[in-house]
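One-letter residues, chain by chain:
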Amino acid sequence: PPTPIAPSEPGEEVVYHKRAKEQFDLINQCYRINSGTTEGLYNENYPKKDGDNSASFLWPYDGLVSGAAALHALGYDVNYADMVDRFEVYYRTPNGTVGGYGSQTNGTTGSGTRFYDDNSIVGIELVEAFNLLNNQDYVTKAKRIVEFLQAGEDDTFGGGLWWNEDQKGQQGVGDSNKPTCANGYATLFLLEYYSVCPQEEKADVLALAKRLYAWTLTNLRDPEDGCYWNDKQADGSINKTKWTYNTGVMISNGVRLYKITGEQTYLDSAIASSEGAYNYFVRPLNGLALAYPDHDPWFTTKLIRAFIDIEPYYKNAGNYIKTFINFLDYAYENARLSNGLFYEDWTGATPKRAEQLLMQDAALESLGMIALYKGETVTEE
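Residues numbered from 1 in each chain as written. Predicted model: local features only at pLDDT ≥ 70, side-chain atom pairs only at ≥ 80, totals over all residues. Heavy atoms only, no water.

Asks: Which residues make up the overall build of the chain, and what values do they have?
Replies: Secondary structure assignment for the chain yields 12 helices and 9 strands. Relative to the globule expectation of 21 Å for 381 residues, the C-alpha radius of gyration of the chain, 20 Å, shows essentially globular dimensions. Taken along its principal axes, the extent of the C-alpha atoms in the chain is 65 × 50 × 45 Å. A total of 381 residues make up the chain; the buried ones form 56% of that total. Contacts spanning at least 24 positions in sequence make up 60% of the contacts within the chain whose residues lie at least 6 apart. Of the roughly 16000 Å² of accessible surface on the chain, a fraction of 47% belongs to carbon and sulfur atoms. Where the 32 positive side-chain charges of the chain centre and where its 52 negative ones centre are 2 Å apart. (Helix = DSSP H or I, 4+ residues; strand = E, 2+ residues; numbered from the N terminus. Rg over C-alpha atoms; globule rule 2.2 N^0.38 Å. Buried < 20%, exposed > 50% of the residue type's maximum accessible area, 1.4 Å probe, protein only. Contact = heavy atoms within 4.5 Å. Areas by Shrake-Rupley, 256 points an atom, 1.4 Å probe, with all protein chains shown as cover. Lys, Arg positive; Asp, Glu negative; His and termini not counted. Charge placed at Lys NZ, Arg CZ, Asp CG, Glu CD.)

This is the structure we're talking about:
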């Protein structure tokens, strides 16, 4: 038989789970708080900045838990359950309202604004934790988020959720809007919760998911390319900015709704959005022939998750994922600080906001999800 061709470089074969674990360890070394009331939480920035809170906002903490979930699924012991349980220090119940997760914490209780997208991404993590750890408490906690979303739905513009509960219907206030992120992530959470919730809850959960999906499709989908605009402002105008994660989440939702209902229109819409997103977001950049955006890599992780979701039904998505893996490999070699932390800009042109925990989460989640996509497993040495 022919002799197999040796790789041109020793160790050229990339093992993504090892890189993911290396990134997780580096995040813990740089960002983890090891004493005081916020022990076990993480700083927003490294090095910590004047004016930073005593612990990170909920969003970057959630991004870290998402990466830890991938490591746990791969076979690493990363104290995953403890990290999931620590979401509770962000939980708050202002007087006479349904409980929900606040954007900040002092290490004991939540504070700050309660965002509908934040709550939904925590809910997605809780369902994933249930699937990985089989602890029924996580389903119970997720149910509270369903109630928070139900309380947030109103009939302005015919339905949908506002971005957060403090800025509703305030014309002329840019943050007062009904965005794809809140409605798309609420839909994704509800569809994930649907897969694990008690039978008697399923009809209501699916009905809400379908309403929010339909509202977003009707109001915020660009008919030209199937990508999604950012939001509908309180005055009814559309903010037509396009972000990777908004189109990504709606692709993931379409795949799930197709699987649950068998209705082809959901899948057709998701396929059109997949093609549209790749054509819109991927382009030559800073010397690379094909690059995803050079900013906000956490957003891009959500589009790649969507391509992984849809690949069984749409083979071209496999090429979209390959382009991303090449981009991730390039970033590992060319877009890191001397201490090993990743740049925000994966083309390597400039670090941008590399100090932010969220940027490091994005690299961790990317490495972990590609390791899972490739079927890697951790073999104990």
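Asks: I'd like a description of the nonpolar core, backed by residues and values.
Replies: Core analysis: the biggest nonpolar cluster contains 118 residues, and Phe189, Tyr193, Tyr292 and Phe307 have the highest contact counts within it. Broken down by element, this core gets its largest block of residues, 10 residues, from helix H6 (residues 180-194). Once residues lying within four places of it in the same chain are set aside, the contact partners of Tyr292 are Tyr278, Phe281, Val282, Leu285, Thr300, Leu303, Ile304, Phe307, Tyr320, Thr323, Phe324 and Phe327. (Core = buried A, V, L, I, M, F, W, Y, C linked by side-chain atoms within 4.5 Å.)

Asks: Lay out the state of the cysteines with the relevant residues and their values.
Replies: Considering all chains together, one arrives at 0 disulfides under this definition. Left unpaired, Cys181 is separated from the closest cysteine sulfur, that of Cys227, by 16 Å. (Disulfide = S-S within 2.5 Å.)

Asks: Account for the pattern of salt bridges, naming residues and giving values.
Replies: Applying the stated criterion to the full structure yields 18 salt bridges. Of the charged contacts, one joins Lys242 and Asp225 as a salt bridge, the two residues approaching to 2.9 Å between their closest N and O atoms. Of this pair, Lys242 sits in strand S7 (residues 238-242) while Asp225 sits in the loop between helix H7 (199-220) and strand S6 (229-233), and the two are 17 residues apart along the sequence. Lys242 sits in the buried class, given a relative accessible area of 13%. (Salt bridge = Lys/Arg side-chain N within 4 Å of Asp/Glu carboxyl O.)

Asks: Any chance you could break down the side chain of Ser120 for me, citing the residues and the numbers?
Replies: With respect to the helices, strands and loops of the structure, Ser120 is situated in helix H4 (residues 116-133). Here Ala186 takes part through its backbone nitrogen, which lies 3.4 Å from a polar atom of the side chain of Ser120. Not counting chain neighbours up to four residues away, the residues in contact with Ser120 comprise Ile145, Leu149, Tyr185, Ala186 and Phe189. (Polar contact = N/O pair within 3.5 Å; in protein donor to acceptor, adjacent residues only side chain to side chain.)

Asks: Pulling in residues and values, what's your account of the sheet that holds S7?
Replies: Backbone-to-backbone hydrogen bonds pair the strands of a sheet. The strands run either parallel or antiparallel. Across the sheet, which stays open at both edges, the 3 strands sit in the order S5-S6-S7 with antiparallel pairing between neighbours. Among the strands making up the open sheet, the edge pair consists of strand S5 (177-179) and S7. Each strand axis lies, on average, 20° off the axis of its neighbour in the sheet, ignoring direction. As judged from the 3 bridges shared by S5 and S6, these two strands associate in the antiparallel manner. (Pairing = 2+ DSSP bridges. Axes fitted to C-alpha atoms, helices over the stretch in contact; angles between N-to-C directions.)

Asks: Could you give me a rundown of the packing of helix H1 (residues 16-31) against helix H12 (residues 357-373), with the residues and numbers involved?
Replies: The geometry of H1 relative to H12 is characterised by a closest axis approach of 8 Å and an angle of 160° between their N-to-C directions. In terms of orientation, H1 lies roughly antiparallel with respect to H12. Judged by the sense of rotation from one axis to the other, the crossing of H1 with H12 is left-handed. Two secondary-structure elements touch here, H1 through Tyr16, His17, Arg19, Ala20, Gln23, Phe24, Ile27 and Tyr31 and H12 through Leu357, Gln360, Asp361, Ala363, Leu364, Leu367, Gly368, Ile370 and Ala371. Classifying every residue of the contact of H1 with H12 gives 11 nonpolar, 4 polar and 2 charged. (Parallel < 35°, antiparallel > 145°, perpendicular 65-115°, else oblique. Left-handed = near helix turned anticlockwise from the far one by under 90°. Nonpolar A, V, L, I, M, F, W, Y, C, P; charged D, E, K, R; others polar.)

Asks: Tell me about the pairing of S6, residues and numbers included.
Replies: Of all the 5 residues making up S6, 5 are buried; the element is thus mostly covered by neighbouring parts of the structure. Of the pairings in the sheet, the one linking S6 to S7 comprises 3 bridges and is antiparallel in character. The residue of S7 that forms the bridge with Trp229 is Lys242. Between S6 and S7, which pair antiparallel in sequence order, lie 4 residues; one of them, Gly236, sits at a positive phi of approximately 95°.

Asks: Talk me through the environment of Ala81; I want residue IDs and the actual numbers.
Replies: As for its placement among the helices and strands, Ala81 is situated in helix H3 (residues 80-85). The partly exposed category is assigned to Ala81, whose relative accessible area is 29%. Sequence separation between Ala81 and Glu200 is 119 residues; the distance between their C-alpha atoms is 28 Å.

Asks: Would you mind going over H12 in detail, with residue names and values included?
Replies: Taking 1.5 Å of rise per residue, 17 residues should cover 24 Å, and H12 covers 24 Å from first to last C-alpha, within 8% of that figure. A large share of H12 lies buried, amounting to 15 of its 17 residues. Residue Gly375 follows H12 closely and has a positive phi angle near 75°. (Expected span 1.5 Å × (residues − 1).)

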